Amino acid sequence: IPVDTFDLVIFGGTGDLARRKILPGLYRRFVAGQMPEDARIIGAARSDLDDAGFRDMVGDAIAEFMPGQSKTDKTVKQFLSRLHYTAIDARGEAGWSNLAKLVRKDVVSAFYFSVGPGLFGDLASRLQKHGIAQENARIVVEKPFGRDLASAKELNGALAASFEEHQIYRIDHYLGKETVQNLMAVRFANVLFEPLWNAQYIDHVQITVAETVGVGGRGGYYDKSGAMRDMVQNHLMQLLCLTAMEPPARFEPDAVRDEKLKVIRALDPVEADDIVRGQYVADENGPSYVEDAENQDSLTESYIAMKVKLSNWRWNGTPFYLRTGKRLKARMSEIVVHFKETPHSIFDEDAGSHANVLSIRLQPDEGIDLRVTIKEPGPGGMRLVDVPLDMTFADALGPEAEDIPDAYERLIMDVIRGNQTLFMRGDEVEAAWAWTDPIIAAWKARGDRPKPYEPGTTGPEDALMMMHREHRRWREIK
Ligand code: NAD
């Protein structure tokens, strides 16, 4: 369904994120027929380009990041003709009057801040000063949204000085993934799961975001951040919220975000024993973390595993295990709900003991899988076996599933539609930092050293021990 016509300004339109994700994503929406005839995309960045130069650069980006596309294709050319460019200085006056002339006042306008967070305040105030942002204008801001509570408050303050909260779209692209939204559909559109969705029936939940890449190339930036700030405070926290939240009254932005906020506020502080931090060492495929970070003394973690508890009625006694790391065995993101065993088994001991497992895979192949226990076929008596009730979208839904928009595409279209459901509200981000800050402060105060781990593994031994101690096991990373 096409959206209303719009002007989308991409500050930082020549940057890496714009070239790799935002512009190819917009191209796909164009091909899908979602972009109205007169919608316009305006690049605004420091480079001294004109419209033709920007179109050329975006054509190259589409060819580079979208296999099979070339900037001489008719459709690519049609898309490129929607693009405009103005050179701009976020910190000065150059370019702003030009931008004011370009942005129409009678259509939806959105401003994507694809620049470092140090420029958010400048961009927001100059958009107002030059009368570019009308009442209904939207701004989209990228991660990282602060590095602690104080800096997040400062950023929120800088944006709030020029825009209302309903105009601010804080992106967490994990929320744009099809399966993440499907988690809400599975929970709230079926009668099967919700009655069991609590500490009485759920033994524990595991949330894993494993990457095979290291931090090479952006090691300097990463070393000031680490896995806790870069992944847990935002992405894993959001997945935890959607898994643990109470049913919102409606699938509406504030109804959903109110419930997520309650989850964050119910998180207990985390004990030192319940956290394992790691750093990858070198192997034949690449340098160690400290070499990538160019900081031999670095105490920053490239891996973290932690046990998190929630103090509320629904979850008291059900731990959530979170883990994320670089240079692990495989690229895999999933939320896995481990149900309890039946209260009593009517079968012989050698039938085995079994428990249902619901896994929601975000990548590589998005899908939902429920393990149920059945009788092993054959004459061997009553032996139990776990089998998957698998729902890989591509298999279940056929060709329609192949057209699933990428997270960025979906989220940008939500901005144009004015739907904030899948974006973080300012108070959520602050609450997440308020929980994160003391955890980081505690390990800093103790001078904790991350444990070394071999690349291509599942992380440090200590993380395995953390689970063994509790008679549980991590899911395989594959
Ligand atoms: P980049 O360095 O590749 O690009 C920065 C862009 O900002 C360029 O277009 C540059 O011209 C523009 N810019 C810089 N200073 C400016 C100024 N004073 N006035 C006007 N324009 C200016 O950065 P990036 O990797 O594209 O990242 C952009 C933002 O997105 C950052 O906040 C980053 O943390 C975030 N982000 C990036 C990625 C990614 O994969 N690259 C992923 C998630 C979040």
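Model, not experiment: these values are computed from the prediction. (Residues numbered from 1 in each chain as written. Predicted model: local features only at pLDDT ≥ 70, side-chain atom pairs only at ≥ 80, totals over all residues. Heavy atoms only, no water.)

Novice: Is there a simple way to think about the pattern of salt bridges in this case?
Specialist: If charged atoms from side chains of opposite charge come close, those side chains can pair. Summed over the entire model, instances satisfying the criterion amount to 39 salt bridges. Residues Asp122 and Arg91 are paired through a salt bridge, measuring 3.5 Å at the closest nitrogen-oxygen approach. Note that Asp122 is positioned in helix α5 (residues 120-129) and Arg91 in the loop between β3 (83-87) and α4 (96-102), a separation of 31 residues in sequence. Between Arg417 and Asp414 there is a salt bridge, with its nearest N and O atoms 3.2 Å apart. With Arg417 and Asp414 both in helix α14 (residues 407-417), this residue pair falls three residues apart, about one helical turn. Arg417 gets classed as partly exposed once you look at its relative accessible area, which sits at 45%. A relative accessible area of 8% means that Asp414 is categorised as buried. (Salt bridge = Lys/Arg side-chain N within 4 Å of Asp/Glu carboxyl O. Helix = DSSP H or I, 4+ residues; strand = E, 2+ residues; numbered from the N terminus. Buried < 20%, exposed > 50% of the residue type's maximum accessible area, 1.4 Å probe, protein only.)

Novice: Where do I start with the pairing of strand β11 (residues 332-341) in this structure?
Specialist: In regular strands, side chains alternate between the two faces of the sheet. Counting buried positions along β11 gives eight out of 10 residues, so the element sits mostly inside the fold. The pairing of strand β7 (residues 202-210) with β11 spans eight bridges and is classified as antiparallel. Residue pairing for β11: Val205 is matched across the bridge by Val337. Relative to strand β12 (residues 355-363), β11 runs antiparallel, the two sharing seven bridges. Among the inter-strand pairings, Glu334 is bridged to a residue of β12, identified as Arg361. (Pairing = 2+ DSSP bridges.)

Novice: Which parts of the structure should I look at to understand the site of the ligand?
Specialist: Taken together, 19 residues lie around the ligand, and Thr14, Asp16, Arg20, Ala90 and Val115 are the ones closest in. At a separation of 3.4 Å, an oxygen atom of the ligand approaches a polar backbone atom of Gly12. Here an oxygen atom of the ligand and a backbone polar atom of Gly15 are 3.2 Å apart. Compared with its free state, where it exposes 840 Å², the ligand has 73% of that area covered by protein. Broken down by class, the residue content of the shell around the ligand amounts to eight nonpolar, five polar and six charged. (Near = heavy atom within 4 Å. Polar contact = N/O pair within 3.5 Å; in protein donor to acceptor, adjacent residues only side chain to side chain. Areas by Shrake-Rupley, 256 points an atom, 1.4 Å probe, with all protein chains shown as cover. Nonpolar A, V, L, I, M, F, W, Y, C, P; charged D, E, K, R; others polar.)

Novice: How do you make sense of the pairing of strand β10 (residues 320-325) when you look at a structure like this?
Specialist: Burial of β10 is extensive: six of the six residues sit out of reach of the surface. By the alternation rule, side chains of β10 split into Phe320, Leu322 and Thr324 and Tyr321, Arg323 and Gly325, which are all buried. Strand direction decides the pairing type here: β7 and β10, joined by six bridges, are parallel. From the neighbouring strand, Ala210 faces β10, where its bridge partner is Gly325.

Novice: Help me understand the sheet that holds strand β1 (residues 6-11), please; the structure alone is not making it clear to me.
Specialist: Sheets are built from strands that pair by backbone hydrogen bonding, the pairs being arranged parallel or antiparallel. Within the open sheet, the six strands sit side by side as β3-β2-β1-β4-β5-β6. Their pairing is parallel. In this open sheet, the two strands that pair with only one neighbour each are β3 and β6 (168-170). Across the sheet, the axes of successive neighbouring strands diverge by a mean angle of 20 degrees, strand direction being ignored. With six bridges joining them, β1 and strand β4 (residues 108-113) adopt parallel strand pairing. The residue bridging Val9 from the neighbouring strand is Phe111, located in β4. Sheet contacts for helix α1 (residues 16-31): β1, β2 (40-45), β3 and β4; angle to β1, the most-contacted strand, approximately 170 degrees. Running over the sheet, α14 touches β1, β4, β5 (138-141) and β6 and is turned about 135 degrees from β4. (Axes fitted to C-alpha atoms, helices over the stretch in contact; angles between N-to-C directions. Contact = heavy atoms within 4.5 Å.)

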